[in-house]
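As a plain string of letters, each chain reads:
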Amino acid sequence: MAVAHDGETLAWYDREAKVYASRRTAGLSPHLEIFLGRLKPGAGILELGCGGGQDAEVMIAAGFDVTPTDGSAGLAAEAERRLGRAVRLMRFEELDETGRYDAVWANACLLHAPEAALPDILGRIWRALKSGGLFFASFKGGDGGDRDVFGRYYNFPSREGLEAAYAAAGSWSDLSMTEAPGGGYDGLPRNWILCFAVKGR
Ligand code: SAM
C-alpha cells in the first residue's frame, strides 16, 4: 500500500504556519478567475490544501459555497482566523464523499502527495465531484519525487505521468494541461502544470 502523505512536509507547514499564511494577500489569480468563470453562481466548491485561506476568501466573497480544508492543523487554524469560519482538518487521502461538490479547487497542494498515492487521491476527488463537476489542480513539473531546501516533498510529475494518474482515477470528459513558468516559496523558477478536468457524465 502506497504511503498516503508525507509527514515531514505537513510538519513543516505546521511549524511555519504563521509566516507561511501571511506570505500573500488574497487576490484573483488568472487560473482562479477561469475556474470561477466556469461555475454557476453559488456552486459548491471543495478546496483542498487551502493554506492560509486566501483563495477561499476570494471564492466566498464571490458568493460560492466553499468548504475549505487543509492537512496541517497550524494552517487550518490560520485559515479559520482569516475566514472567520470552520476549516476542516483533512488530508487528501481522508476525502471520502460521493457526488457532493460542483467543483474541487486544489491549487499548489496535490504536488505534495506521494507519487504512488496520486491515482488514489485523484480517484477520491473524482468520486467527491458531481457528474460534470470541475476540478483544478496545479503541479510543479519534473521527472519524479524530490525534496526542496525546506525538506518539503514534491512529486514533480512529468505531463505524461500526470495524464496516466488522471486516467487511472476515473473518466474525465475534458482534461486540459497547460504548462507555464512560475516560482515558489523556495525562490526557484519552475515549470508549472495547470490542470482543468471535468468529471465525465
Ligand atoms: N493552496 C494554498 C495556496 O495556493 O496558497 C496553499 C498551497 S501550499 C504550497 C500547500 C498546502 O497543502 C499547505 O497548506 C499544506 O498544509 C497542504 N498539504 C500538504 N500536504 C497535504 C496533505 N497530504 N493533505 C492535505 N493538505 C496537505
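Report follows, based on the coordinates. Bear in mind the structure is a predicted one, so any value in this text is a computation, not a measurement. (Residues numbered from 1 in each chain as written. Predicted model: local features only at pLDDT ≥ 70, side-chain atom pairs only at ≥ 80, totals over all residues. Heavy atoms only, no water.)

Some words on the pairing of strand β1 (residues 44-47)
Remark: a regular strand shows side chains that alternate across the two faces of the sheet.
Move 1: Side chains Gly44 and Leu46 of β1 all project onto a buried face; the interleaved residues Ile45 and Glu47 project onto the opposite face, where all are buried too.
Move 2: Taken together, the four bridges between β1 and strand β2 (residues 65-70) define a ladder with parallel strand orientation. Within β2, the position partnered with isoleucine 45 by the bridge is valine 66.
Move 3: Chirality of the crossover, the property in question, places the unit of β1, helix α4 (residues 54-61) and β2 among those that are right-handed. (Buried < 20%, exposed > 50% of the residue type's maximum accessible area, 1.4 Å probe, protein only. Helix = DSSP H or I, 4+ residues; strand = E, 2+ residues; numbered from the N terminus. Pairing = 2+ DSSP bridges. Right-handed = clockwise from strand over helix to strand, strands pointing away.)

Examining the pattern of salt bridges
Move 1: This model, assessed by the stated rule, comprises 16 salt bridges.
Move 2: In this structure, the salt-bridge partner of aspartate 55 is arginine 24, at a minimum N-O distance of 3.1 Å. Residue aspartate 55 is located in helix α4, and its partner arginine 24 is located in the loop between α2 (17-21) and α3 (30-37); the two are separated by 31 residues in the primary sequence.
Move 3: Look at the salt bridges and you will find they share partners, linking Asp6, Glu8 and Arg147 into a network. (Salt bridge = Lys/Arg side-chain N within 4 Å of Asp/Glu carboxyl O.)

A closer look at the sheet that holds strand β4 (residues 101-106)
Sheets are built from strands that pair by backbone hydrogen bonding, the pairs being arranged parallel or antiparallel.
Move 1: Read from one edge to the other, the open sheet built from seven strands follows the order β3-β2-β1-β4-β5-β9-β8, with strand pairing classed as mixed. The open sheet has two edge strands, β3 (88-89) and β8 (172-182), and neither has a second partner.
Move 2: The pairing of β1 with β4 spans three bridges and is classified as parallel. Residue pairing for β4: leucine 46 is matched across the bridge by valine 104.
Move 3: In the packing of α3 onto the sheet, the strands contacted are β1, β4, β5 (129-140) and β9 (190-199), and the crossing angle to β4 comes to about 175°. (Contact = heavy atoms within 4.5 Å. Axes fitted to C-alpha atoms, helices over the stretch in contact; angles between N-to-C directions.)

What to know about a nonpolar patch on the surface
Move 1: Judged by side-chain polarity, Val19, Val149, Phe150 and Tyr185 come together as a nonpolar surface patch covering roughly 360 Å² of accessible area.
Move 2: With respect to the helices and strands, the residue valine 19 is situated in helix α2. (Patch = residues over 30% accessible without salt bridge, like charges linked within 9 Å, V, L, I, M, F, W, Y side chains within 5 Å. Areas by Shrake-Rupley, 256 points an atom, 1.4 Å probe, with all protein chains shown as cover.)

Regarding the side chain of aspartate 186
Move 1: Within the secondary structure, aspartate 186 sits in the loop between β8 and β9.
Move 2: No salt bridge is formed by the buried aspartate 186. Its closest oppositely charged neighbour is lysine 140, at 4.2 Å.
Move 3: Looking at aspartate 186, its side chain comes within polar contact range of the main-chain nitrogen of leucine 188, at 3.0 Å.
Move 4: Apart from residues no more than four positions distant in its own chain, aspartate 186 is found in contact with Lys140, Asp148, Val149, Phe150 and Arg152. (Lys, Arg positive; Asp, Glu negative; His and termini not counted. Polar contact = N/O pair within 3.5 Å; in protein donor to acceptor, adjacent residues only side chain to side chain.)

Let's talk about the environment of alanine 21
Move 1: With respect to the element layout, alanine 21 can be found in helix α2.
Move 2: Separated by 133 residues in sequence, alanine 21 and tyrosine 154 place their C-alpha atoms 19 Å apart.
Move 3: Setting aside residues no more than four positions away along its own chain, alanine 21 makes contact with Gly52, Gln54, Leu75, Glu78 and Arg82.

Section: the site of the ligand
Move 1: For the ligand, the set of nearby residues contains 20 residues, the closest of which are Tyr20, Arg23, Gly49, Asp70 and Asn107.
Move 2: Between glycine 49 and the ligand, the recorded distance is 2.7 Å, taken from a backbone N or O atom to a nitrogen atom.
Move 3: Here glycine 71 contributes a backbone N or O atom positioned 3.1 Å from a nitrogen atom of the ligand.
Move 4: Surface burial for the ligand is 98%, taken as the share of its 600 Å² of free accessible area covered by protein chains.
Move 5: Along the lines of polarity and charge, the residues of the shell around the ligand split into nine nonpolar, seven polar and four charged. (Near = heavy atom within 4 Å. Nonpolar A, V, L, I, M, F, W, Y, C, P; charged D, E, K, R; others polar.)

Brief notes about helix α1 (residues 7-15)
Move 1: Taken residue by residue, α1 has Thr9, Trp12 and Tyr13 as its buried positions. One side of α1 carries all its buried residues, which in axial view fall inside an arc of 95°.
Move 2: Check the buried side of α1 and you find it contacts α2, α5 (73-83), β6 (146-147) and β7 (153-154). (Arc of directions from axis to C-beta.)

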